[in-house]
Amino acid sequence: MAWIEIIDEKHAKGDLKDAYDHVEGKRGKISNIMRIHSLNPEAMKDHLDLYISVMFSNSGLSRADRELLAIIVSRVNGCDYCVNHHSEALYHHWKDRGRVDLAKKDFRSLDLSERIFRMLEYGEKLTKDPKLVGKEDVERLRDVGFSDRNILNINLIVSYFNFVNRISSGLGVDYTSEEMTGYRY
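Residues numbered from 1 in each chain as written. Predicted model: local features only at pLDDT ≥ 70, side-chain atom pairs only at ≥ 80, totals over all residues. Heavy atoms only, no water.

(A) Region of the structure containing the overall build of the protein. Looking only at helices and strands, one finds 10 helices and 0 strands in the protein. Counting from the amino terminus, the protein carries its helices and strands in the arrangement α-α-α-α-α-α-α-α-α-α. For 185 residues, the compact-globule formula gives about 16 Å, and the C-alpha radius of gyration of the protein, at 17 Å, lands near that figure. Sorting the 185 residues of the protein into buried and exposed places 47% on the buried side. Of the roughly 9200 Å² of accessible surface on the protein, a fraction of 50% belongs to carbon and sulfur atoms. (Helix = DSSP H or I, 4+ residues; strand = E, 2+ residues; numbered from the N terminus. Rg over C-alpha atoms; globule rule 2.2 N^0.38 Å. Buried < 20%, exposed > 50% of the residue type's maximum accessible area, 1.4 Å probe, protein only. Areas by Shrake-Rupley, 256 points an atom, 1.4 Å probe, with all protein chains shown as cover.)

Right, here's the structure in full:
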């Protein structure tokens, strides 16, 4: 269980109940990464809205590509919670457990287009050592057909998962097989 107090849905009142209702309405159920915000319901709503924006909005990136990027960033950060959650989401799109397992271990072992490979390299580099990322990295993305809007959205996804990985790892957010599944993908 998490390392800080969590108020569960059964005991939620007022703003917290509203926040839980907001999350459940958007995602179909409430994840532990949302529950960890129970002492700050406004942050929970804002967090979910940011997640929906970067992962579900019209960004020019497929849902599967976004989930793959989430896994790569989370693996680099050692965030088992997010790796496993987003592996389930990627499986929903790919329908190939073996391929998802390869993605979790090393994206370089996958047969990927140059476009997706460069996106993942950018995400890995920005996560591992952001000060080494330069204009040439953005140019490498443009060279394989990403628009500036796509590049912004790639950066937002990478940045979002660096943010959420630290919430999960820093507060001991845990997961179960039941908690990882059943969301609106």
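The structure having been displayed, the exposition proceeds.
(B) A look at the nonpolar core. Counting residues in each nonpolar core, the largest one holds 52 residues, and the members touching the most others are Leu 68, Leu 120 and Phe 161. Excluding anything up to four places from it in sequence, Leu 68 contacts Leu 90, Trp 94, Ala 103, Leu 110, Leu 112, Ile 116 and Leu 120. (Core = buried A, V, L, I, M, F, W, Y, C linked by side-chain atoms within 4.5 Å. Contact = heavy atoms within 4.5 Å.)

(C) Representation of the packing of aromatic side chains. A full pass over the atoms with the stated rule returns 6 aromatic pairs. Look at Tyr 51 and Phe 56: their rings are 5.8 Å apart centre to centre, the planes differ by 70 degrees, and that puts the pair in the edge-to-face class. Accessibility expressed as a relative area gives 29% for Phe 56, which makes it partly exposed. Measuring from ring centre to ring centre gives 5.8 Å for Tyr 51 and Tyr 160, while their planes differ by 45 degrees; the resulting arrangement is tilted. Of this pair, Tyr 51 sits in helix α3 (residues 41-56) while Tyr 160 is found in helix α9 (residues 148-171), placing the two residues 109 residues apart along the sequence. With a relative accessible area of 7%, Tyr 51 lands in the buried category. (Phe/Tyr/Trp six-rings, centres within 6.5 Å; stacked < 30°, edge-to-face > 60°.)

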